[in-house]
Amino acid sequence: MKLGVVGLPNVGKSTLFNAITGAGAQAANYPFCTIEPNAGIVPVPDHRLSVLAEMYHPKKVTPATVEFVDIAGLVKGASKGEGLGNKFLSHIRECEAIVHVVRCFEDENIIHVDGSVNPARDIETINLELIFADMETVSRREEKARKLVKTGEKKYGEEADLAARVLAHLESGRPARTCPLSDDEKETVRGWFLLTMKPVIYAANISEDQVSDDEDSIEFVRQVKQIAEQENAEVLVISARIEEEIAQMEPEEKEEFLQELGIGQSGLDRLIRKCYHLLGLISFLTAGEDECRAWTIVRGTKAPQAAGKIHTDFERGFIRAEIVPFETLHELGSMAACKEKGLVRSEGKDYVMQDGDVTLFRFNV
């Protein structure tokens, strides 16, 4: 899972990026891997792995991971190549979802690029650049499909008409993800790799003083939530400064601090949960003396395709999946106890994987 962190200058984007990537590496005792200066991999928090590690004492524990990319360079006119526009847009294209950081606090010491704090205006600035870039893409698609209509193939006429509809929707200033489309049409449009088809989480960045406040009592947060509702997007209310503090703490100190604040989970944990929900992702688990590991798949994935996440041979030679739900294994304390009670199921090619399935794949190549 690759998430692009975007936002205007001075909204707290880089502070949040540095905090969540640092916190993820530290809290899970997992090596922070820098791919390039503006990207970092963090583990997905999963208490189930700790339980399995206690049970199996494996040589290594491998969590699922998320890659965050701090996408810089947006200015008005990015869609036309202004500033680092082209680079900015190409980086977003490579991400599965967008984390759009929006400033929701006043601070006279932090100058806003547009002179005042206005979440609705800031969101519109970035959204319009993405919409302009998509308009160009869809316009080219329509033009190409219209030329191919003369081949007599019905699909080109349908694609041209679909492109015209999506283009009109974009021209009205709305993202492609809010365009009313059938499932088949969505599948076609996904193949166009539009920026505004990507799921969005708005990270409403509040000040440290507002952390204990009721979210809905903060006017700027209410504005962000209203926009998100219209766009089928998610909202995460977070304080980048607080996350920066949390990133420096030891695990026990961090837990105590979060309880004092009354927020329960760090921003990173909440952000990853929202991303999983938004992208329809779940994790299945494998466990043994060599390794305990979490694997991320899309909800609805069948057993052979899940096996293919581990190795292509597993999918090619799939025989069956031996499965026990994590809760059952945790309750009974061992795989042997689960087998004794007949609670380890043997599932075939049509089995749809469930979140928390502890799985052993049988295959033959």
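Scroll up for the structure.
Described in the following lines is the structure provided in the data block. Given the structure is predicted, the values throughout are model-derived calculations rather than measurements. (Residues numbered from 1 in each chain as written. Predicted model: local features only at pLDDT ≥ 70, side-chain atom pairs only at ≥ 80, totals over all residues. Heavy atoms only, no water.)

### What about the packing of aromatic side chains?
A complete count under the given rule lists four aromatic pairs for this structure. On the basis of an interplanar angle of 85° and a centroid distance of 5.8 Å, the ring pair of F284 and F361 is categorised as edge-to-face. Taken together, the residues span a long stretch of sequence, with F284 in strand β9 (residues 281-286) and F361 in strand β13 (residues 357-363) at a distance of 77 residues. Residues F284 and F361 agree in their burial class; the two are buried. Above the plane of the ring of F105 lies R103, whose end atom (NZ or CZ) is 4.8 Å from the centre. Here R293 stacks its cationic end above the ring of W295, 4.0 Å away from the centre of that ring. (Phe/Tyr/Trp six-rings, centres within 6.5 Å; stacked < 30°, edge-to-face > 60°. Helix = DSSP H or I, 4+ residues; strand = E, 2+ residues; numbered from the N terminus. Buried < 20%, exposed > 50% of the residue type's maximum accessible area, 1.4 Å probe, protein only. Lys NZ or Arg CZ within 6 Å of the ring centre and 35° of its normal.)

### Remarks on unusual backbone geometry
In this structure, F193 is a non-glycine residue whose phi angle is positive, near 55°. You can see F193 is positioned in the loop between α6 (183-190) and β7 (200-205). The class for F193 is exposed, based on a relative accessible area of 55%. Of note, the phi angle at N232 is positive, near 60°, even though the residue is not glycine. Within the secondary structure, N232 sits in the loop between α7 (219-231) and β8 (234-238). For N232, a relative accessible area of 55% puts it in the exposed group.

### Some points on the packing of helix α4 (residues 119-148) against α7
One can describe the packing of α4 onto α7 by two numbers: an axis separation of 9 Å at closest approach and a directional angle of 40°. It follows that α4 is oblique to α7 by the angle criterion. Between α4 and α7, the contacting residues are P119, A120, I123 and N127 on the first element and F220, Q223, V224, I227 and E231 on the second. (Axes fitted to C-alpha atoms, helices over the stretch in contact; angles between N-to-C directions. Parallel < 35°, antiparallel > 145°, perpendicular 65-115°, else oblique. Contact = heavy atoms within 4.5 Å.)

### A closer look at the pattern of salt bridges
If you walk through the whole model with that rule in mind, you get 27 salt bridges. In this structure, the salt-bridge partner of K2 is E94, at a minimum N-O distance of 3.4 Å. With K2 in strand β1 (residues 2-6) and E94 in the loop between α3 (85-93) and β6 (97-103), the pair connects residues that are 92 residues apart, well separated along the chain. Between E142 and R146 there is a salt bridge, with the nearest N and O atoms lying 3.1 Å from each other. Here E142 and its partner R146 are both found in helix α4, four residues apart, which amounts to about one turn of the helix. Exposure remark for E142: the relative accessible area of 18% places this residue in the buried category. Overlapping salt bridges, with partners in common, bring together D46, R48 and D355 in one network. (Salt bridge = Lys/Arg side-chain N within 4 Å of Asp/Glu carboxyl O.)

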